[in-house]
Amino acid sequence: MRKVIGIGETVLDIIFRDEQPIGAIPGGSAYNAIVSLGRSGVKASMISETGNDRVGKMIIRFLEENGVDASFIHVYPESRSPLSLAFLNEKNDAEYIFYKDHDSDRIEYSYPDVHTDDIVLFSSYFALNPVIRPQVYGFLDYARQHGAILYYDVNFRASHKDEVVKITPNLLENLELADIVRGSSEDFDILFKQNDPDAIYRSQISFYTKKFIYTRASEPVELRADGGFQKQYPVLPVETVSTIGAGDNFNAGIVYGMIKEGITRQEIEGGLSESQWDHVIQCGMQFSAECCRSINNSVSVEFGNKRKKELEAALAAMEE
């Protein structure tokens, strides 16, 4: 089976409502997506780092319990694992405060073999951080050379807004490496002071990649792709408990949809059909909506089990 490899940070998310903690859940942008994919029957691995503490052990154990290969998580013997405090407002959107042991702001890792049509998911400041850029770029370039599909979620937080100039060269490299780019209105407002998807696509994205997905909370998803193709997708209505992980799980759904549909890198390079885009975007919205129904960072086990059966049936049909 094709596999998905996530590369990104790991944190422990401590979630607050009305100034009181209501949960503590292992997380991270690519991490949340990979957990959902593991629950949905996708062969998945995670490349990251964590501290040698109780939190780090929890982060690794949670991956393994959800069917994800955690053997590429590097544990630093002398460091503490990062924490994220997420404060939910009246709309159940989160404001974040991050705590990290900066002495461990580096990465040493081995990584899995990559084969044609495997999918690499990379995102957030981890994919831009100048301190670890040589290692991250080295893996992304290796994966691309070996025929993987690279999916990039910009996911740029306001906590790094003062570093935009410093990270811009790395951002442009990521856009150039990526086969598909997803970003939110918040990302591009912070990075480019722009919030019109057409203007962002023309001025910032299309030179590097033609496949662009633009999300803006409960507003319709905007797709821009090869040959001037564009389409708008209304977001599924959902009673939201928390939006933490909503974007991460949208990514998971897109990746799940590509595997379920048997979409290859060759097809992506040639341009996907409208029906292919419809299917993968629909999967993205389903995963995202499911995540919003709880304070958890990933889809529920029950939802994942249903997707697992659907994936097994789809893959079996492809082999006939």
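These numbers were taken from a predicted model, which means no experiment stands behind them.

J.: Whenever I open this one, the state of the cysteines confuses me. Can you help?
T.: In a disulfide, the sulfur atoms of two cysteines are held together by a covalent bond. Enumeration over the complete set of coordinates arrives at zero disulfides. A disulfide-free cysteine, cysteine 283 has its sulfur positioned 16 Å from the sulfur of cysteine 291, the nearest such atom. With no disulfide of its own, cysteine 291 lies 5.6 Å from the sulfur of cysteine 292, the closest cysteine sulfur. You can call cysteine 291 buried: its relative accessible area is 0%.

J.: Help me out: how do you make sense of helix H2 (residues 54-65) in this one?
T.: An α-helical turn contains 3.6 residues, so any two residues separated by three or four positions project in the same direction. Taking 1.5 Å as the rise per residue, H2 with twelve residues should run 16 Å; its terminal C-alpha atoms sit 16 Å apart, in good agreement. The elements touched by buried residues of H2 are strand S2 (11-17), strand S3 (20-27), helix H1 (29-39), strand S4 (43-51), strand S5 (68-69) and strand S6 (73-76). Where H2 terminates, the next one or two residues include glycine 67, which has phi positive at roughly 80°.

J.: What is the right way to read the packing of aromatic side chains from this model?
T.: Centre distance and the angle of the planes are the two values used to describe a pair of aromatic rings. Under the definition given, this model contains 14 aromatic pairs. A ring pair is formed by phenylalanine 188 and phenylalanine 212, whose centres lie 5.6 Å apart and whose planes are at 75°; its orientation type is edge-to-face. With phenylalanine 188 in helix H5 (residues 185-192) and phenylalanine 212 in strand S12 (residues 212-216), this residue pair connects regions lying 24 residues apart in the sequence. Accessibility classification places phenylalanine 188 together with phenylalanine 212 in one group, the buried group.

J.: What am I meant to see in the pairing of strand S7 (residues 83-88) here?
T.: Sheet faces and side chains relate simply in a regular strand, where the side chains alternate between the two faces. Taken together, the six bridges between S2 and S7 define a ladder with parallel strand orientation. Looking at the pairing, aspartate 13 lines up with serine 84 of S7. Examined bridge by bridge, S7 and strand S8 (residues 94-99) share six bridges and lie antiparallel to one another. Looking at S8, one finds that phenylalanine 87 is bridged to glutamate 95.

J.: I'm lost on unusual backbone geometry in this one. Help?
T.: Generally, phi is negative for residues other than glycine and the peptide bonds are trans, each holding for most cases. One non-glycine residue with positive phi stands out, namely lysine 193, at about 55°. Tracing the backbone shows lysine 193 in the loop between H5 and helix H6 (197-205). Residues other than glycine seldom take positive phi values, yet alanine 217 does so here, at roughly 55°. By the element assignment, alanine 217 lies in the loop between S12 and strand S13 (219-224). Overall, alanine 217 belongs to the exposed group, its relative accessible area being 77%.

J.: What am I meant to see in the sheet that holds S7 here?
T.: By way of backbone hydrogen bonds, the strands of a sheet pair with one another, either parallel or antiparallel. The mixed open sheet is built from four strands, whose spatial order is S3-S2-S7-S8. Each having just a single partner strand, S3 and S8 make up the two edges of the open sheet. Taking each pair of neighbouring strands and ignoring which way they run, the sheet shows an average axis angle of 20°.

J.: Please clarify how the side chain of asparagine 251 should be interpreted in this entry.
T.: Following the sequence through the fold, asparagine 251 ends up in helix H7 (residues 246-260). Given the relative accessible area of 2%, asparagine 251 is considered buried. Setting aside anything within four residues of it in sequence, one finds asparagine 251 in contact with Leu121, Tyr151, Asp153 and Arg182.

J.: Teacher, can you tell me more about helix H10 (residues 301-319) here?
T.: Over its 19 residues, H10 extends 27 Å from the first C-alpha to the last, a length consistent with the 27 Å expected when each residue adds 1.5 Å. Of all the residues in H10, the buried ones are Phe303, Gly304, Arg307, Leu311, Ala314 and Leu315. Buried residues of H10 fall within an arc of 95° about the axis and therefore sit on the same side. Turned more than 90 degrees away from the buried face of H10 sit Glu302, Lys306, Lys309 and Glu312, all of them exposed.

J.: Just checking my understanding: could you explain the nonpolar core for this structure?
T.: One broad rule of soluble globular proteins: the nonpolar side chains tend to lie buried together. Ranked by size, the top nonpolar core spans 49 residues in total, and within it Ile213, Met258, Trp277 and Ile281 carry the most contacts. Element by element, the count of residues in this core is highest for H7, at seven residues. Dropping the residues within four chain positions of it, tryptophan 277 is found in contact with Ile180, Lys211, Ile213, Leu223, Ala225, Phe229, Tyr233 and Leu272. Of all hydrophobic cores here, the second largest spans 37 residues; its members include Ile167, Leu191, Ile205 and Phe212.

Reading the values: the criteria
Residues numbered from 1 in each chain as written. Predicted model: local features only at pLDDT ≥ 70, side-chain atom pairs only at ≥ 80, totals over all residues. Heavy atoms only, no water. Disulfide = S-S within 2.5 Å. Buried < 20%, exposed > 50% of the residue type's maximum accessible area, 1.4 Å probe, protein only. Helix = DSSP H or I, 4+ residues; strand = E, 2+ residues; numbered from the N terminus. Expected span 1.5 Å × (residues − 1). Contact = heavy atoms within 4.5 Å. Phe/Tyr/Trp six-rings, centres within 6.5 Å; stacked < 30°, edge-to-face > 60°. Pairing = 2+ DSSP bridges. Axes fitted to C-alpha atoms, helices over the stretch in contact; angles between N-to-C directions. Arc of directions from axis to C-beta. Core = buried A, V, L, I, M, F, W, Y, C linked by side-chain atoms within 4.5 Å.

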